[in-house]
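Commentary on secondary and tertiary structure
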Amino acid sequence: MAKPPELQHTIVMERAHFSYDFLAKLKSKVSGDNPCDKPYTTFECLTAHLWRKITRVRNLEGELTTKVRIPVNGCFRMRNPTVPMRYLGNMVLWAWPGSKVNDLLSKPVGHAARLIHDAVARVDDNYFRSFVDFSSLKEKMEGLVPSAYGGDVVLSPNLEVSSWLRFPFYDMHFGTNPLHLLVPSYMRVEGFLHIVPSFTDIRDVDAFVSLFDKDMRSFIDGLAAQANLSNPNPPTDALIPLSPFDTITYQIHFGHFGFLYNYGPTNPSNEVTEQGLCRLLAEYREFAGRLIFNGNGRQCILLNDKGIRLVKGNSCSPLGTLMDKPSPYYLDLHPHITGIEEVLFQVQLTRFACGSLVVGCTVHHAVVDALSLSHFLIAWAQTVRDGIPVLPSHCMTAPCSSLATLLTFSLNIVRLTKLKSKASGANPCDKPYTTFECLTGHLWRKITSVWQLEGELTTTVWIAVNGCFRMRNPTVPMRYLGNVVMWAWPHSKVKDLLSKRVAHAVRLIHDAVARVDDDYFSSFIDFSSSKEKMEGLVPSACGGDVVLNPDLEVSSWLRIPFYDVDFGTNLPHLFVHSYERVDKHSALFHPFYFYLFR
């Protein structure tokens, strides 16, 4: 039996991502003509935007009427009496904003937002009350039938939009860890939209859209084009001065640090990966710029779009276990980090006979810190998957006689639990010490012991503390592009560190990190706000030094989502920092400059 005409095409569902920055610009644009004092909501603006975009790709007749069916929850509307927030049952009626197609497309997006706003506003307490009164009669109640669609799978020329933006689904926590991802199930109902908080950033929004396949590609391409062409000819002489945090960060190896991703045999092609990166660099222009000094002698990033360095390679051998243990072989899997004063970001794509792909990158530390870098990498992967780049936020603005070796080790959950229990036994605070504090205290004592240092010598741990988790007024956008790092400096006499229990070392670390709080970051910002103080700032992290003994440096990447870099094929099999010969640097991954990873 032949399909009816409206079902001759396949219905597909895709996710469209809208960043906080995009939504802010959209709301500003839409609310410009709003006659009300109160601006339009995110839901109203985004629904209006999607209504017009979808109507356009459907190629509907101009005189046709198109409507949006919007569920309105009475829990937020009914006043007398109010509805208990944990009421178990349905409390939904519908708003039906409508417009002629030619009016919807010819007038600005503010017109559509106004139609939605007014229609939703009419579904108020009185509206719900009239329905309750109407259905209170027995004969009226018996005549009620479902008003939502049943077997229909094609809503064109209409839409139905369901918003989960105000629902606390992400508070579903079973006591182990927060929810990582919430998505609606796959729906083949043409014209149905789910609007939900994004899993990439709670301030972002994802729209799950179901359309005919013939319309979906045009819809996605239109969103991508809008993101890329919002500023088609950006100036190439714009300067972004380095912030005080950028200025005091690492300046080793011309400021570059390297890292590696290993993806299994199912991975994206070089062409697709490169195209996604090119599209993203149009938004993250800092990575394709150059470091220069302005006329006042301040170091800046010149947004000249000179580009990055991209290297492609193939190996006739399988990858095997070559990456399982840190070795100088790592250095062959990403571009060199010396002699590259100009380029700020480098990528090497190396494919192996087994089908594995290693993505090796180096980035200048003046551009980003680790957390900021993770957002860029996730945005790259999402651009490869979805074709729509996620916009960044710019608001914030000695010779050694022996060879240092890099090693890695892991502690399972049982050993970590025992260590935390042992370290937290004498903790005077109600809150137990963190994994990072306990493990760093343990390693500090172990490494100091094998160094056989003099008892009266002072040993210090340099700990990078990210301001994104500390600053409160104002807060730092989660996709802020740049450095927001300062350092804690717990220290101890060697004899005290080794003679006392591990809890002593952990307490020193806890207290030192706690002092690097919102006030500490704010005081640094205030200090560097004057021109003469800013000019006096110099990198405080280690520079050319490769021996930190009797000190350590520790950088924790435990809370940074590097493993979320999914190009649409699978999650990375392995993520590691590159090989470095810096004796005693900690971040659970440097040779005694250790890096802590998941």
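As shown above, the structure is provided for reference.
Here we summarise the structure given alongside this text. (Residues numbered from 1 in each chain as written. Predicted model: local features only at pLDDT ≥ 70, side-chain atom pairs only at ≥ 80, totals over all residues. Heavy atoms only, no water.)

1. With respect to the nonpolar core
The condition is simple: Only buried residues count toward a nonpolar core, which is a set of Ala, Val, Leu, Ile, Met, Phe, Trp, Tyr and Cys residues joined through side-chain atoms within 4.5 Å. Each residue is placed in one exposure class: buried if its accessible area under a 1.4 Å probe, protein chains only, is under 20% of its type's maximum, exposed if it is over 50%, and partly exposed if it falls in between. For helices the rule is a DSSP run of H or I covering at least 4 residues; for strands it is a run of E covering at least 2, with both sets numbered from the N terminus onward. For this analysis, residues touch if any pair of their heavy atoms sits within 4.5 Å.
With 81 residues, the main nonpolar core has Phe-287, Phe-376 and Trp-380 as its most contacted residues. For this core, the element with the most residues is helix H10 (residues 370-386), which contributes 10 residues. The residues contacting Trp-380, other than those within four sequence positions of it, are Thr-273, Gly-276, Leu-277, Leu-280, Val-347, Val-359, Cys-361 and Phe-567. If you look at the next biggest cluster of nonpolar residues, it comprises 46 residues, including Val-30, Leu-50, Val-123 and Leu-211.

2. As for the environment of Asp-564
Note on placement: Asp-564 falls in the loop between strand S18 (552-556) and strand S19 (574-577). Residues within four places of Asp-564 in sequence aside, it is in contact with His-180, Ile-378 and Leu-571.

3. Regarding the pattern of salt bridges
The following threshold applies: Take a side-chain nitrogen of Lys or Arg and a carboxyl oxygen of Asp or Glu: if they are within 4 Å of each other, that pair is a salt bridge.
By the definition in use, this model includes 12 salt bridges. The salt bridge involving Arg-129 is made with Asp-125; its shortest N-O contact spans 3.8 Å. Placement of the pair is Arg-129 and Asp-125 together in helix H5 (residues 125-135), with a separation of 4 residues, close to one helical turn. Across the salt bridge formed by Lys-214 and Asp-215, the nearest N and O atoms sit 3.1 Å from each other. Look at Asp-215 and you get buried, because its relative accessible area is 4%. By sharing partners, the salt bridges in this structure join Glu-456, Lys-493 and Lys-495 into a single network.

4. So, the pairing of strand S11 (residues 299-302)
Heads up, the condition is: By this definition, two strands are paired if DSSP reports at least two bridges between them.
Both strand S8 (residues 239-241) and S11 contribute to a ladder of 3 bridges, which runs antiparallel. Of the residues in S11, the one forming a bridge with Pro-241 is Cys-300. The pairing of strand S10 (residues 290-293) with S11 spans 4 bridges and is classified as antiparallel. Paired with Leu-291 across the bridge in S11 is Ile-301. Connecting S10 to the next strand, S11, in antiparallel fashion are 5 residues, including Gly-297 with a positive phi near 80°.

5. Observations regarding the sheet that holds S19
For clarity, the threshold we go by: Geometry is summarised by axes, namely lines fitted to C-alpha atoms with helices restricted to the contacting stretch, and by angles between N-to-C directions that run from 0 to 180 degrees.
Taken in spatial order, the 5 strands make up an open sheet running S12-S13-S14-S9-S19, and their pairing is mixed. Each edge of the sheet is formed by a strand with only one pairing partner; in this case those strands are strand S12 (309-314) and S19. The average undirected angle you get between the axes of adjacent strands in this sheet is 15°. Helix H9 (residues 270-281) rests against S12 and strand S13 (345-351) of the sheet, and its axis sits at about 165° to S13. Running at roughly 40° to strand S9 (residues 256-263), H10 makes contact with S9, S13 and strand S14 (357-364) of the sheet.

6. Digging into a nonpolar patch on the surface
Which entries qualify depends on this criterion: Like charges within 9 Å and nonpolar side chains (Val, Leu, Ile, Met, Phe, Trp, Tyr) within 5 Å are joined into patches, using only residues over 30% in relative accessible area that form no salt bridge. With residues, only the protein chains shown are counted as cover, and all accessible areas are computed by Shrake-Rupley using a 1.4 Å probe.
On the surface, Phe-131, Val-132, Phe-134 and Leu-144 cluster together into a nonpolar patch covering about 310 Å² of accessible area. Locating Leu-144 in the fold gives a position in the loop between helix H6 (138-142) and strand S5 (159-163).

7. Brief notes about the sheet that holds S10
Strand order in this open sheet of 3 strands is S8-S11-S10, and the pairing throughout is antiparallel. Looking at which strands have only one partner, the edges of the open sheet turn out to be S8 and S10. Looking at each pair of strands side by side, their axes are set apart by 40° on average, direction ignored.

8. Examining helix H14 (residues 502-515)
Given 3.6 residues per helical turn, the α-helix brings residues three or four places apart onto the same face. For clarity, the threshold we go by: Multiplying 1.5 Å by the residue count of a helix minus one yields the expected span of that helix.
With 14 residues, H14 extends 20 Å from end C-alpha to end C-alpha; this agrees with the ideal 20 Å at 1.5 Å per step. On the buried face of H14, the contacting elements are helix H11 (413-424), helix H12 (435-451), strand S15 (458-466), strand S16 (485-488) and helix H13 (494-499).

9. Examining the packing of helix H1 (residues 20-30) against helix H2 (residues 42-58)
As a reminder of what qualifies: Angles below 35 degrees are treated as roughly parallel, those above 145 as roughly antiparallel, those between 65 and 115 as roughly perpendicular, and all remaining angles as oblique. Asp, Glu, Lys and Arg are counted as charged, while Ala, Val, Leu, Ile, Met, Phe, Trp, Tyr, Cys and Pro are counted as nonpolar; the rest, among them Gly, fall into the polar class.
Following both chains from N to C, one finds H1 and H2 inclined at 85°, their axes separated by 10 Å at the closest point. Judged by the angle between their axes, H1 and H2 are roughly perpendicular. Contact residues: Phe-22, Leu-23, Leu-26, Lys-27 and Val-30 in H1; Thr-42, Cys-45, Leu-46 and His-49 in H2. Looking at the contact of H1 with H2 residue by residue, the class counts come to 6 nonpolar, 2 polar and 1 charged.

10. Considerations on the side chain of Glu-437
Test applied: Under this rule, positive means Lys or Arg and negative means Asp or Glu; His and the chain ends count for nothing.
Looking at the secondary structure, you find Glu-437 in helix H12. Here Glu-437 sits buried without a salt bridge, and the closest side chain of opposite charge, Arg-470, lies 6.8 Å off (N-O distance). Beyond its immediate stretch of four places on either side in the chain, Glu-437 contacts Val-506, Ile-509 and His-510.

11. Some thoughts on the packing of aromatic side chains
Cut-off, in case you're wondering: For Phe, Tyr and Trp, where Trp contributes only its six-membered ring, two rings pair if their centres lie within 6.5 Å, and the inter-plane angle classes them as stacked under 30 degrees, edge-to-face over 60, or tilted in between.
Taken as a whole and judged by the stated rule, the model has 20 aromatic pairs. Relative to Phe-567, the ring of Tyr-263 has its centre 5.5 Å away and its plane inclined at 65°; by these criteria the two rings are edge-to-face. Residue Tyr-263 is classed as buried on the basis of its relative accessible area of 1%. Cluster of aromatic residues (ring-pair linked, three or more members): Phe-257, Phe-259, Tyr-261, Tyr-263, Trp-380, Trp-557, Phe-562, Tyr-563, Phe-567 and Phe-575.

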